[in-house]
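Chain residues, written in single-letter form:
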Amino acid sequence: MRVSIGSDHAGFEQKQALVDYLAGKGCDVIDRGPDSDERVDYPDFAAPVAHDVADGAADFGVLVCGTGIGMAIAANKVHGVRAVNIINTQFAALSREHNDANLVTLSGRFVPLEENERILDTFFATPFGEGRHTGRVEKIMALEN
Ligand code: RB5
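Since this is a predicted model, take the numbers as computed values, not measurements.

Draft legend 1. Region of the structure containing the sheet that holds strand β3 (residues 60-65). The five strands lie next to each other as β2-β1-β3-β5-β4, forming an open sheet whose pairing is parallel. At either margin of the open sheet sits one strand with a lone partner, and together these are β2 (28-31) and β4 (83-85). For this sheet, the mean angle separating the axes of adjacent strands, direction not counted, is 20 degrees. Here strand β1 (residues 2-7) pairs with β2 via four bridges, running parallel. Along β2, the bridge assignment pairs Arg 2 with Asp 28. Strands in contact with helix α2 (residues 43-55) are β1, β2, β3 and β5 (103-107); relative to β3, the strand with the most contacts, it is inclined by about 165 degrees. Along the sheet face, helix α5 (residues 113-125) touches β1, β3, β4 and β5 and points at about 165 degrees away from the line of β5.

Draft legend 2. Spatial organisation of the site of the ligand. Inspection of the region around the ligand gives Asp 8, His 9, Ala 10, Tyr 42, Cys 65, Gly 66, Thr 67, Ile 69, Gly 70 and Arg 109 as its neighbouring residues. Note that an oxygen atom of the ligand is positioned 2.8 Å from one of the backbone N or O atoms of Gly 66. Here the ligand, which alone exposes 290 Å², has 73% of that area covered by the protein. For the shell around the ligand, a count of residues per class yields four nonpolar, four polar and two charged.

Reading the values: rules and limits
Residues numbered from 1 in each chain as written. Predicted model: local features only at pLDDT ≥ 70, side-chain atom pairs only at ≥ 80, totals over all residues. Heavy atoms only, no water. Pairing = 2+ DSSP bridges. Helix = DSSP H or I, 4+ residues; strand = E, 2+ residues; numbered from the N terminus. Axes fitted to C-alpha atoms, helices over the stretch in contact; angles between N-to-C directions. Contact = heavy atoms within 4.5 Å. Near = heavy atom within 4 Å. Polar contact = N/O pair within 3.5 Å; in protein donor to acceptor, adjacent residues only side chain to side chain. Areas by Shrake-Rupley, 256 points an atom, 1.4 Å probe, with all protein chains shown as cover. Nonpolar A, V, L, I, M, F, W, Y, C, P; charged D, E, K, R; others polar.

See the structure below:
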């Protein structure tokens, strides 16, 4: 599985740890930065990760900021992206099963690393439910036109 990942300064420490965590699980990780915890603007790092997902360079995207909220708002501006801000494993599973989310945004300030690792495990392991959810997701994507 190919995963593109990025953060801002508030998510940098967890991003670094999650790069190692995902690589250790055998993922091909594309690290879109930053390379330090110097203050940066989160949309600058949401953009390359979102484009990796939209262009098919990555199967999934992961973005970490203070809350995950700004990253989700920014990533969802890129056509083809369904970004979700997730703070527990139940929502991680439902965002895949019901919404076919392809990019997950995490909180580096309010959610511990171990919980974010569980969130990623759940997110990647849960398939889209298809069936009644398919037409609904298609209607979401039609809003881009
Ligand atoms: C940075 O202070 C903070 O605003 C950012 O990391 C994120 O939480 C925005 O949504």
